[in-house]
Amino acid sequence: MPGRKSNTEMHYIKIFDTTLRDGEQSPGNTMNIQEKLRVARQLESLGVDIIEAGFPIASPGDFAAVREIARTVKKCEVAGLARANDKDIDRAWEAIKEAKNPRIHTFISTSDIHLKHQLRKNRDEVLEMAVHAVKRAKKYTPNVEFSAMDATRTDREYLCTVLSAVIDAGAITINIPDTVGYAIPHEFGDLIRYIREHVSTISRATISVHCHNDLGLAVANSLAAVMNGARQVECTINGIGERAGNASMEELVMILRTRRDQLSLDSRIVTKKIYGTSRLITSITGVPVQPNKAIVGANAFAHESGIHQDGLLKDKITYEIMTPESIGISKSTLVIGKHSGSHAFLDRVTELGYKLSKNDLKVVFERFKELADKKKEIYDEDIEAIVTEVSLRAPDKYKLLNMNVMSGTGAIPAATVEMEVDGNVIKDVGFGDGPVDAAFKTIAKITGTKSRLLKYAVNSITGGTDAQGEVTVRLEEDGCVMVGQGSHTDIIMASVLAYVNALNRLEHLKHRSVKGIYQ
Ligand code: KIV
Ligand code: ZN
């Protein structure tokens, strides 16, 4: 590439992934413990340095998820979030203590706005709380991170006083959050430089940043920070997170990788796993990525204009600054045909990064054959959708046997459904506002369930009218919330599969001793 610098020392930026904490706490992105574990394993193979697994004091479900992740993940640090008080810190430690490399991440607001209107404390009191929290966390582990919440609206002198004090107390990472997404790049870069120049002990700690995207500047601000000496960025897959989200990991990582020549900065992320990770989050949460989103949006590598296509055919360098393959979108996406045997199929599933039990593999292979009968071309994304659906399935109380729907102009949408409930075959018919509504109402009648539909989302996997539709539903019953997924070339079948999947998982949840573990 033009302008590549040589002989410049490369610095590695630590990637602190908070998809499971800041990301998961945002509306629509809730995950259950199994889903969180899958994401954590994926983040581990993606090569993130630190996984922020959750906020253990928030709920028993959060605690259980953080503990399971801490027990499972081996290659990255596992962080638990705690406010600056003893209870939070003790609980966070309980959850992460079995991790190979646990980290306590404690935080308190430092801006006068938050001190006055939220904490109702003065600066001295907050300083004391911050120091006390770090000292308490330090009793458990040397790996303590401190965040000065709302740092970008904090008086700089006071911010440096707090940072000096927490470094003296033993914090080895100091995080500068732009909590409300207020900063602009040159100002945020300048703040990082100011901290480096005014905190005399700064070399004892890693400077981290945590930017929110309220003004669409989270990635730009994070970049300005690393260009001014920050060496850890906190980010999320697909940029999910509070309000407008957090800095998007895939964007940050690909900026560093693509422009290493200018920045002399990089990360240790295995970029080929970016796309699969993004798809995993989308399929679990049902929250689609906007098509024009950088790096992972459906159009990110689609060249529509004739001039661009002509240039690309002559030489890719004309319009492509990075290859789709570099983020894991395979060029030859047509992977496998209907005559492929289970060996070829297993190879592809393994290449895509999945480890399935023998039983799940059998079910996935059957689903693949069924799909191959209906669909001309099978893509990686199709396989991923099947694997996701099958591996997230709970033991089934309810089984769909047959379904027929009728809808059209002038007809009242109706559904005839036949199901097995606890081994008994039940058939019924029902009506609704549309074919999906009719099918859901009939299934509710057959199963005797009273769940409320909180969310219904449809995604098209790959292109074309024969593409698989991927449906995510979120149901609530008796205070328990559960996600279900289904994929099929028929969108109504995909909806029904998702609905039955959620009902089965709700049922599974009811019989667990620790309620709320899946929430
Ligand atoms: O946005 C924020 O300030 C946070 C902190 C807890 C780091 O999420
Ligand atoms: Zn945040």
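Residues numbered from 1 in each chain as written. Chains lettered and ligands numbered in written order. Predicted model: local features only at pLDDT ≥ 70, side-chain atom pairs only at ≥ 80, totals over all residues. Heavy atoms only, no water.

### Some points on the packing of helix α7 (residues 156-169) against helix α8 (residues 185-198)
Turning to step 1, where the next piece is worked out: Put simply, α7 and α8 touch, their axes get as near as 10 Å, and they point 50° apart. Put simply, α7 runs oblique to α8. The handedness of the crossing between α7 and α8 comes out as right-handed. Across the interface between the two elements, Arg-156, Glu-157, Leu-159, Cys-160 and Leu-163 from α7 touch Glu-187, Asp-190, Leu-191, Tyr-194, Ile-195 and His-198 from α8.
Turning to step 2, where the next piece is worked out: Tallied by class, residues from the contact of α7 with α8 come to six nonpolar, one polar and four charged. (Axes fitted to C-alpha atoms, helices over the stretch in contact; angles between N-to-C directions. Helix = DSSP H or I, 4+ residues; strand = E, 2+ residues; numbered from the N terminus. Parallel < 35°, antiparallel > 145°, perpendicular 65-115°, else oblique. Left-handed = near helix turned anticlockwise from the far one by under 90°. Contact = heavy atoms within 4.5 Å. Nonpolar A, V, L, I, M, F, W, Y, C, P; charged D, E, K, R; others polar.)

### Comments concerning the site of ligand 1
Turning to step 1, where the next piece is worked out: Around ligand 1, a shell composed of Arg-21, Asp-22, His-105, Phe-107, Ser-147, Met-149, Asn-175, Pro-177, Thr-179, His-210 and His-212 is seen.
Turning to step 2, where the next piece is worked out: Separating an oxygen atom of ligand 1 from a side-chain N or O atom of Arg-21 is a distance of 2.9 Å.
Turning to step 3, where the next piece is worked out: One of the side-chain nitrogen or oxygen atoms of Thr-179 is found 2.7 Å away from an oxygen atom of ligand 1.
Turning to step 4, where the next piece is worked out: Burial of ligand 1 by the protein amounts to 95% of the accessible area it has alone, namely 260 Å².
Turning to step 5, where the next piece is worked out: Counting residues per element, the ones that place at least two in the shell around ligand 1 are α1 (19-23), β5 (102-109), β6 (144-149) and β7 (173-178).
Turning to step 6, where the next piece is worked out: The residue inventory of the shell around ligand 1, partitioned by class, reads three nonpolar, six polar and two charged. (Near = heavy atom within 4 Å. Polar contact = N/O pair within 3.5 Å; in protein donor to acceptor, adjacent residues only side chain to side chain. Areas by Shrake-Rupley, 256 points an atom, 1.4 Å probe, with all protein chains shown as cover.)

### Brief notes about the pairing of β5
Turning to step 1, where the next piece is worked out: The element β5 is largely enclosed, with a buried count of eight among its eight residues.
Turning to step 2, where the next piece is worked out: On β5, burial covers both faces: Pro-102, Ile-104, Thr-106 and Ile-108 on one face and Arg-103, His-105, Phe-107 and Ser-109 on the other are all buried.
Turning to step 3, where the next piece is worked out: Pairing of strand β4 (residues 77-83) with β5 involves six bridges; the strand directions are parallel. The residue bridging Ala-82 from the neighbouring strand is Thr-106, located in β5.
Turning to step 4, where the next piece is worked out: For the handedness criterion, the β-α-β arrangement of β4, helix α4 (residues 86-96) and β5 is classed as right-handed. (Buried < 20%, exposed > 50% of the residue type's maximum accessible area, 1.4 Å probe, protein only. Pairing = 2+ DSSP bridges. Right-handed = clockwise from strand over helix to strand, strands pointing away.)

### Focus on the coordination of the zinc ion (ligand 2)
Turning to step 1, where the next piece is worked out: Looking at the zinc ion (ligand 2), one finds its protein donor set to be Asp-22 (OD), His-210 (NE2) and His-212 (NE2), positioned 2.0 to 2.1 Å from the metal centre.
Turning to step 2, where the next piece is worked out: For the zinc ion (ligand 2), all donor residues lie on one chain, and their spacing in sequence is D-x187-H-x1-H. Across the pair, exposure class does not vary: His-210 and His-212 are buried alike. (Donors = N, O, S within 2.8 Å, 3.2 Å for Na, K, Ca; no water.)

### A few points about the confidence of the model for the protein chain
Turning to step 1, where the next piece is worked out: Per-residue confidence for the protein chain gives a mean pLDDT of 88, with 90% of residues at or over 70.
Turning to step 2, where the next piece is worked out: Low pLDDT, under 50, characterises residues 512-519; the stretch is placed with 22 contacts to residues that sit more than four places away or in other chains. (pLDDT = per-residue confidence, 0-100.)

### A few points about the pattern of salt bridges
Turning to step 1, where the next piece is worked out: Under the definition given, this model contains 30 salt bridges.
Turning to step 2, where the next piece is worked out: Across the salt bridge formed by Lys-97 and Glu-94, the nearest N and O atoms sit 2.9 Å from each other.
Turning to step 3, where the next piece is worked out: A residue is classified by how much of its surface remains accessible, and Glu-94, at 36% relative accessible area, is partly exposed.
Turning to step 4, where the next piece is worked out: As a salt-bridge pair, Asp-155 and Arg-123 come within 3.7 Å of each other at their nearest N and O atoms. Placement of the pair is Asp-155 in the loop between β6 and α7 and Arg-123 in helix α6 (residues 123-140), with a sequence separation of 32 residues.
Turning to step 5, where the next piece is worked out: Overall, Arg-123 belongs to the partly exposed group, its relative accessible area being 30%. (Salt bridge = Lys/Arg side-chain N within 4 Å of Asp/Glu carboxyl O.)

### Structural notes on the sheet that holds strand β9 (residues 232-235)
Pairing between sheet strands relies on hydrogen bonds along the backbone, with the strands arranged either parallel or antiparallel.
Turning to step 1, where the next piece is worked out: Read around the closed barrel, eight strands run β2-β3-β4-β5-β6-β7-β8-β9, paired in parallel fashion. Strand-to-strand, the axes of this sheet are offset by a mean angle of 25°, without reference to chain direction.
Turning to step 2, where the next piece is worked out: Direction of pairing for β6 relative to β7: parallel, over a ladder of three bridges. When the bridges of β7 are listed, Phe-146 appears paired with Ile-174.
Turning to step 3, where the next piece is worked out: Along the sheet, helix α3 (residues 60-72) contacts β3 (50-54) and β4; its crossing angle with β3, the most-contacted strand, is approximately 150°.

### Concerning the nonpolar core
Turning to step 1, where the next piece is worked out: Counting residues in hydrophobic clusters, the biggest one holds 93 residues, and the most contacted among them are Ile-174, Ile-176 and Ile-195.
Turning to step 2, where the next piece is worked out: If you tally residues by element for this core, the top one is α7, at nine residues.
Turning to step 3, where the next piece is worked out: When residues of this core are assigned to domains, at least three map to each of domain 1 (11-285) and domain 2 (301-331).
Turning to step 4, where the next piece is worked out: Once residues within four sequence positions are removed from consideration, Ile-174 is found in contact with Phe-146, Leu-163, Val-166, Ile-167, Ile-195, Ile-202, Ala-205, Thr-206, Ile-207 and Ser-208.
Turning to step 5, where the next piece is worked out: Counting residues in each nonpolar core, the second largest holds 29 residues, with Leu-400, Ile-443, Ile-446 and Met-493 among its members. (Core = buried A, V, L, I, M, F, W, Y, C linked by side-chain atoms within 4.5 Å. Domains from an automatic or database assignment.)

### Let's talk about the environment of Ile-321
Turning to step 1, where the next piece is worked out: Inspection of the secondary structure assignment puts Ile-321 in the loop between α13 (306-314) and β11 (334-336).
Turning to step 2, where the next piece is worked out: Classification of Ile-321 as exposed rests on a relative accessible area of 60%.
Turning to step 3, where the next piece is worked out: Sequence separation between Ile-321 and Gly-80 is 241 residues, and the spatial gap between their C-alpha atoms is 37 Å.

### Some thoughts on the pairing of strand β17 (residues 468-477)
Turning to step 1, where the next piece is worked out: Counted residue by residue, β17 has ten buried out of ten residues, so it is predominantly covered.
Turning to step 2, where the next piece is worked out: Side chains Gln-468, Glu-470, Thr-472, Arg-474 and Glu-476 project from β17 onto one buried face, and the interleaved Gly-469, Val-471, Val-473, Leu-475 and Glu-477 project onto a second face that is buried too.
Turning to step 3, where the next piece is worked out: The sheet contact formed by β17 and strand β18 (residues 480-488) spans nine bridges and is antiparallel. Bridge pairing in β18 links Glu-477 to Cys-480.
Turning to step 4, where the next piece is worked out: In sequence, β17 turns back onto β18 through a hairpin of two residues, with Asp-478 there showing a positive phi of about 50°.

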